[in-house]
Amino acid sequence: MRATVFVVFLVLVSFVPPATAGIISWNVTYADGNSAVGFGLGNAVGQTRRNTFEAALNYVSATFDTADVTLDFAVNASETDGGGFLASAGTYFFVTPGFSNGILYQHATTGIDPTGGSDGFVTFDFGYNWNPENDTPTVGQFDLFTIALHEVTHALGFLSLTGADGTSRLNSVDPGPHSVLDSFLVNGSGDPFFAAGGDFIGNTADLTGNNVFFSGANAVAANGGNLVRMYAPATFASGSSLSHVDLTTYPGAVMTPAIDPNVAKKTYSEIDLGILQDIGWTLRSSATVPEPNSFIALAGICGLCAYRRRASLAA
Ligand SMILES: [Zn+2]
């Protein structure tokens, strides 16, 4: 039996950040409201699920040094059919050529809200068997914390905007809008897929040939000096291919393309953190002083990207 899901991991809410750092506060809206569905407060585990989801957000806050800022995160109406993906999430992008991490990153790191609207969004399917608490899942349960962290991390910019033909999935234009993560992608020989301006210069066969790697210095260092293998299966899966690390190679990472039930809570692995640093996030534990950034308003349309993952359920 196959099902789609993503899993997330554990949070350390008691972590106290350095006094010099800004921190992200979260304004979370739940479309389930007071209903009996999903995160609805009319559901016996609705509040527990909210607490676990917000623990994942707070783990992100405790991990990264940012502006002192409140971000808006929308939890969409829950699905209940137990089919397809466990969850999906994303952020918004200006549809202009080049590389960016999206609106959430921009808001978090500059303190300036580019749109005045939601910074990120997520949808869960509670038709599957979930562990609502922030603890260890019991038999057959998918871990809500792990999947929540995974989904939120996509909204941080851990994603690819590249389609199977190398053009942007937002507008099929070359050069088009791609993610900062995309800018670090190379093949096994170290040849980049993109020129500086966002032009695709790679071989599309590599994108479905299990021959895509992440070349950022922090991630490579975390991987023993080797390029980090990304998920690039033979059948291109839009929103899944290139947006995850290879599951077989890095089973302990949060950002794998699939998760099984009964997998215990995960927090970021060194590989996850290396990639997040390479795309621009600053670890709170580092001594780096963030540089002030001036926001440049970009003309364009906000593109919406949903990211989903597939996972196999244990037979
Ligand atoms: Zn994912």
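Residues numbered from 1 in each chain as written. Predicted model: local features only at pLDDT ≥ 70, side-chain atom pairs only at ≥ 80, totals over all residues. Heavy atoms only, no water.

Chemist: Would you explain the packing of aromatic side chains in this entry?
Modeler: One pair of aromatic rings is described through two measures. These are the centre distance and the angle between the planes. Counting across every chain of the model gives 23 aromatic pairs. Where Y128 meets F142, the ring centres are 5.9 Å apart and the plane angle is 85°; that geometry is what we call edge-to-face. With Y128 in the loop between β7 (120-124) and β8 (130-131) and F142 in strand β9 (residues 142-143), this pair connects stretches of sequence that are 14 residues apart. Through pairs of rings, three or more aromatic residues link up here, namely W26, Y30, F39, F53, F73, F124, F126, Y128, W130 and F142. The lysine or arginine in question, R49, covers the ring of F126, its NZ or CZ lying 3.9 Å from the ring centre. (Phe/Tyr/Trp six-rings, centres within 6.5 Å; stacked < 30°, edge-to-face > 60°. Helix = DSSP H or I, 4+ residues; strand = E, 2+ residues; numbered from the N terminus. Lys NZ or Arg CZ within 6 Å of the ring centre and 35° of its normal.)

Chemist: Please clarify how the environment of S35 should be interpreted in this entry.
Modeler: With respect to the secondary-structure elements, S35 resides in the loop between β2 (24-30) and α1 (46-63). With relative accessibility at 28%, the residue S35 sits in the partly exposed group. As for S35 and G46, which are separated by 11 residues in sequence, their C-alpha atoms are 9.0 Å apart. Excluding residues that lie within four positions of it along the chain, S35 makes contacts with G40, L41, G42 and N43. (Buried < 20%, exposed > 50% of the residue type's maximum accessible area, 1.4 Å probe, protein only. Contact = heavy atoms within 4.5 Å.)

Chemist: Just to check I follow, could you spell out the side chain of N187 for this structure?
Modeler: Here N187 shows up in the loop between β11 (185-186) and α5 (204-207). Here N187 falls in the buried class, since its relative accessible area comes to 10%. Polar side-chain contacts of N187 include one of 3.4 Å to the side chain of D206. Setting aside residues up to four positions removed in sequence, N187 forms contacts with F193, D206, N211, F213 and L227. (Polar contact = N/O pair within 3.5 Å; in protein donor to acceptor, adjacent residues only side chain to side chain.)

Chemist: Mind showing me how you'd approach the nonpolar core here?
Modeler: Note on soluble globular proteins: their nonpolar side chains tend to be buried together. Core analysis: the biggest nonpolar cluster contains 67 residues, and F53, F124, Y268, I275 and W281 have the highest contact counts within it. A per-element tally of this core places helix α3 (residues 144-155) first, with seven residues. When sequence neighbours within four positions are dropped, the list of residues in contact with F53 reads V28, Y30, F39, F73, V75, V122, F124, A148 and V152. (Core = buried A, V, L, I, M, F, W, Y, C linked by side-chain atoms within 4.5 Å.)

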